[in-house]
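Listed below, chain by chain, are the residues.
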Amino acid sequence: MRQDHLISATQLSRPDIEAVLDRAAEIDADPSALQGRHDGAILGLCFFEPSTRTRMSFDTAMKRLGGRTIDMGSVESSSVKKGETLADTMRVLEGYADALVLRHPSEGSAKMATEFVDVPLVNAGDGAGQHPTQTLLDLYTMRQNAGLDDVTVGIMGDLKYGRTVHSLAAALTNFDTRQHFISPESLRLPRGVRYDLHESGAQVREHTALEEVLSELDILYVTRIQRERFPDENEYLKVAGEYQISAEDLEAAKDSLTVMHPLPRVDEIAPDVDQTEHATYFEQAHNGVPVRMALLDMLLSTEGDR
Amino acid sequence: MRQDHLISATQLSRPDIEAVLDRAAEIDADPSALQGRHDGAILGLCFFEPSTRTRMSFDTAMKRLGGRTIDMGSVESSSVKKGETLADTMRVLEGYADALVLRHPSEGSAKMATEFVDVPLVNAGDGAGQHPTQTLLDLYTMRQNAGLDDVTVGIMGDLKYGRTVHSLAAALTNFDTRQHFISPESLRLPRGVRYDLHESGAQVREHTALEEVLSELDILYVTRIQRERFPDENEYLKVAGEYQISAEDLEAAKDSLTVMHPLPRVDEIAPDVDQTEHATYFEQAHNGVPVRMALLDMLLSTEGDR
Amino acid sequence: MRQDHLISATQLSRPDIEAVLDRAAEIDADPSALQGRHDGAILGLCFFEPSTRTRMSFDTAMKRLGGRTIDMGSVESSSVKKGETLADTMRVLEGYADALVLRHPSEGSAKMATEFVDVPLVNAGDGAGQHPTQTLLDLYTMRQNAGLDDVTVGIMGDLKYGRTVHSLAAALTNFDTRQHFISPESLRLPRGVRYDLHESGAQVREHTALEEVLSELDILYVTRIQRERFPDENEYLKVAGEYQISAEDLEAAKDSLTVMHPLPRVDEIAPDVDQTEHATYFEQAHNGVPVRMALLDMLLSTEGDR
């Protein structure tokens, strides 16, 4: 990977992805290997929207590399409130940091920001747009647990609005996977996403019920169905209830089924699943650290070579 | 001390307490002795309620040990708002950090959290429950200034709701102390706490006026009477006024009297006390650093030995 | 500079200022020269008002020196909400940190705080009072771009309320500068500030239109005119519009004109100025890091000698 920014998972080729995942696996195998490697380097955390998991795992990743972080804090406590543009904020912050991580509610904001900054910038979510490091840690978790070739993946829940899902589905087309999409009719994959998947030659099928396909799956990726997508509370409850899984539901699955979730979950996955061998969502969250360490190490090293 | 978590002061025996205090005293004597000892280690700060003193002294303690911290930030800016359970949040964060500090408004939450995490966890206050590191720094301050055996301790203020007070009183039964409790009738020690103290063989007496006992005291521990405990503002003002001390009040005390307060104070202790030799509350706050350094060092070293 | 605190730019003589700027220039020339110099030292960030730029550049500066920072967080999440006085808060925090940075809405608060703390304290803005590190980075930027002697400086915008402007104007009297003040009648320099400038022998002129003086200027320092200063929205729009500059406006200026702004800007400087050689405001913001590194290094080294 020879680039300065990571804005979208779509900019990554299969070799790019594998380079990050291989590096992450090396780090996982020997977490102290990179300790002190980026002593003195500073990562700027610019989160224009709240975030626990993503912010804290970037923070952890940078510190595990020996680096430091500076945090913009919440929008309420920043000069954004005084009417500063995103471009100005980022141009100031690039003078403080050796790399920047940006989360912003507007789609396209991360791409726009790269026009103004010279240090490496990582998109940590731009509204309905991209969240490429989530995709990388999802792929890493899949590869560690089930492999990325000749596997059958089910993706269930809110397939219409979930940026995580669109990005993951696109990235999976780089590998030899069969993709099954399971959702209520009203939350199907958007037409554009389906079109792109077909164009790329992906093997894709859609379902409205998990039991149609559960027994075939090597990986089941569950996402949250958000209450606010439904005008009617009863409609929400009816739909959401059909896409929740329990330990009992999973008795029909392969023993080796890997269950993933980007978290936070509310009640899509019952607590009794946590005790099964299927549960991989906490491991998945933890994988954010080695994957982001790998990525930051690569971006900061590229930077150093300039 | 051979354990993984610190949840309650009641889990600590006299030798456990003395081990922490001795280590803290060594650190105080030579603050640089432990510098760099935990290079690369990460402490997760999980404060579900606001905190300045406790949060910042844990932060300082970890950094003085050479370690790093990651901060969950306020609940408003976290995934808790999205309905995530405490158990899920803690299971994610244990993947980022080598130890965790938890403050949470619900009594019993810290104990519950230990069922889900494998890294050492320190309770930094669970509602009306425990706050054991406050107790340790209180004991440390007492020992440095007046000793912990053959001393007469007065504890004054809100004895009914103050978790600090209950925890301290229980811990003092490990030592040869005489305990005097001074409060308005309506804010007496709860019956259960009194019962436990008597059971443990403690020498305990209760008073409604400080002057009944002031001249006997080696240590006076003052706590804040909170306005919100009283339905009637006038009742509050009358009661609170009787449990405030000034430099003049302390003329009847021993010259060596040590005055403590967990802070923040409002008007329980007049500013003119600050200039007297009695005032020990800022030193007490500062003792949070060596005591928490000692504790973290012991927990992280135990961890390393696994 | 042999002192413990930095409260006001007025306490700095020309040699004091030059010592800081010289050190900052050395740091700029070789950013790694001071790396690790203050390993283990802790800077406490006490911001009682929101701040992005100042807080983050102090944070960066300390970390570039090898030190750590602890952050009080917002007032909402601190014990200030419980009624603690500033004096008490600072007395507690000095026990955690080797130096403190304070921003507070009340004029005179930083000076007052020095009566209670023994560690070096830097004023990062006290209401309508002083913000001396802003002045130092302004002077540094001027010296790097146009020199500080035999230069003509224009200061434009809100000259009545802007503490940045008052502090800068006073500091410039240490150097051989000609100062031009450009503002609407209603936002002229306060009489007291004008008086002090005249007393110090400064060459000062006032204008209501930039074109009266633009062609003479070596430096143009623009500040924001705040909407809330005007009771009437239309009045604001009329006035503000006259003190905005575009690339076209600057065609009448010297090629070497340096345009500065303390940021954040709203629309005082059009985006097309950013692409001109005049634009120096992002460089100015970035200069906060080496200047604050120089200052912290000097204060912490003084501290170490005690």
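Calculation notes
- Residues numbered from 1 in each chain as written.
- Chains lettered and ligands numbered in written order.
- Predicted model: local features only at pLDDT ≥ 70, side-chain atom pairs only at ≥ 80, totals over all residues.
- Heavy atoms only, no water.
- Helix = DSSP H or I, 4+ residues; strand = E, 2+ residues; numbered from the N terminus.
- Rg over C-alpha atoms; globule rule 2.2 N^0.38 Å.
- Buried < 20%, exposed > 50% of the residue type's maximum accessible area, 1.4 Å probe, protein only.
- Contact = heavy atoms within 4.5 Å.
- Polar contact = N/O pair within 3.5 Å; in protein donor to acceptor, adjacent residues only side chain to side chain.
- Buried area = accessible area lost by both parts, 1.4 Å probe.
- Salt bridge = Lys/Arg side-chain N within 4 Å of Asp/Glu carboxyl O.
- UniProt positions renumbered as here; feature names shortened; annotations may be inferred.
- Least-squares fit on C-alpha atoms with pLDDT ≥ 70 in both.

*Asks:* Account for the overall build of chain A, with residues named and values stated.
*Replies:* Each helix and strand in chain A was counted, giving 10 helices and 9 strands. The C-alpha atoms of chain A give 19 Å as radius of gyration, which agrees with the globular expectation for 306 residues (19 Å, within 12%). Seen through its C-alpha atoms, chain A measures out along the principal axes to roughly 55 × 45 × 40 Å. Looking at chain A as a whole, 60% of its 306 residues are labelled buried. Considering only intrachain contacts with a sequence separation of at least 6, the fraction spanning at least 24 residues in chain A is 72%.

*Asks:* Could you give an account of the side chain of D274(B), naming the residues involved and the relevant values?
*Replies:* Structurally, D274(B) can be placed in the loop between β9 (258-260) and α9 (281-286). In this structure the side chain of D274(B) is engaged in a polar contact, spanning 2.7 Å, whose partner is the side chain of Y281(B). Of the polar contacts made by the side chain of D274(B), one reaches the side chain of R91(C); its length is 3.2 Å. The residues contacting D274(B), other than those within four sequence positions of it, are R265(B), A279(B), Y281(B), F282(B) and R91(C).

*Asks:* Explain the interface of chain C and chain B to me, and be specific about the residues and the numbers.
*Replies:* At the junction of the two partners, chain C supplies 25 residues and chain B supplies 25 residues. Buried area between chain C and chain B, both sides added, is near 2100 Å², and the carbon and sulfur share of it is 51%. The three residues of chain C that bury the most area against chain B are R68(C), K82(C) and Y96(C), which together make up 30% of that side's buried surface. At the junction of chain C with chain B, the criterion picks out 4 salt bridges. R265(B) is the salt-bridge partner of D88(C), the closest N and O atoms lying 2.6 Å from each other. Viewed at the interface, chain B and chain C are joined by 15 residue pairs in polar contact (both at pLDDT 80 or more). Of all the secondary structure elements, the ones that give two or more residues to the side of chain C that touches chain B are β2 (68-71) and α3 (86-93) of chain C.

*Asks:* Please provide a residue-by-residue account of the UniProt feature "domain: Aspartate/ornithine carbamoyltransferase Asp/Orn-binding" (unreviewed entry) in chain A, values included.
*Replies:* The feature "domain: Aspartate/ornithine carbamoyltransferase Asp/Orn-binding" (unreviewed entry), as annotated in UniProt, sits at residues 150-298 of chain A in this numbering. Secondary structure content for residues 150-298 of chain A is 31% helix and 16% strand, and the end C-alpha separation is 29 Å.

*Asks:* Account for the environment of E107(C), naming residues and giving values.
*Replies:* Residue and element names in this part refer to chain C. Relative to the helices and strands, E107 is located in the loop between β3 (99-104) and α4 (109-114). The exposure class of E107 is exposed, given its relative accessible area of 58%. As a C-alpha pair, E107 and G241 span 134 residues in sequence and 31 Å in three-dimensional space. What E107 contacts, discounting residues up to four positions off in sequence, is D126, G127, A128 and G129.

*Asks:* An account of the interface of chain A and chain C is needed here, citing residue identities and associated values.
*Replies:* Each partner contributes residues to the interface: chain A has 25 residues there, and chain C has 25 residues. Both faces considered, chain A and chain C share a buried interface measuring about 2200 Å² in area, 51% of it formed by carbon and sulfur atoms. On the chain A side of the interface with chain C, the three residues burying the most area are R68(A), R91(A) and Y96(A), jointly 31% of the side's total. Across the chain A-chain C interface, the total number found is 4 salt bridges. The residue D98(A) makes a salt bridge to R64(C) at a minimum N-O spacing of 3.2 Å. Along the contact surface separating chain A from chain C lie 15 residue pairs in polar contact (both at pLDDT 80 or more). Secondary structure elements with two or more residues in the side of chain A that touches chain C: β2 (68-71) and α3 (86-93) of chain A.

*Asks:* Run through the environment of Y140(A), naming residues and quoting values.
*Replies:* Residues and elements named next belong to chain A. The topology assignment puts Y140 in helix α5 (residues 132-145). By relative accessible area, Y140 is classed as buried at 0%. The spatial distance from the C-alpha of Y140 to the C-alpha of A25 is 8.4 Å, given a sequence separation of 115 residues. Aside from chain neighbours lying at most four places away, what touches Y140 is L21, A24, A25, D28, N287 and V291.

*Asks:* Outline the relation of the copies chain A and chain C, listing residues and values.
*Replies:* For the pair chain A and chain C, the best superposition has an RMSD of 0.0 Å and corresponds to a rotation of 120 degrees with a translation of 0.0 Å parallel to the axis. A rotation of that kind, with that shift, is consistent with a three-fold axis. Of the residues that chain A buries at the interface, just 4% are likewise interface residues in chain C, meaning the two copies contact each other through different surfaces.

*Asks:* An account of the relation of the copies chain C and chain B is needed here, citing residue identities and associated values.
*Replies:* In this arrangement, two copies of a chain are superimposed by a rotation about an axis accompanied by a shift along the axis. Each copy superposes on the other: chain C lies on chain B with an RMSD of 0.0 Å after a rotation of 120 degrees and an axial shift of 0.0 Å. The overlap is low: 4% of the interface residues of chain C also sit at the interface in chain B, so different surfaces are used on the two sides.

*Asks:* Outline the UniProt feature "binding site: L-aspartate" (unreviewed entry) in chain A, supporting the account with residue identities and numerical values.
*Replies:* The positions UniProt marks with the feature "binding site: L-aspartate" (unreviewed entry) are K82(A), R163(A) and R224(A). Spanning 143 residues, the named residues are also spread out in space, since their farthest C-alpha pair is 34.8 Å apart. Relative to the elements of secondary structure, K82(A) occurs in the loop between β2 and α3. A residue is classified by how much of its surface remains accessible, and K82(A), at 42% relative accessible area, is partly exposed. Apart from residues lying up to four places away in sequence, K82(A) is in contact with R224(C), P264(C) and V266(C).

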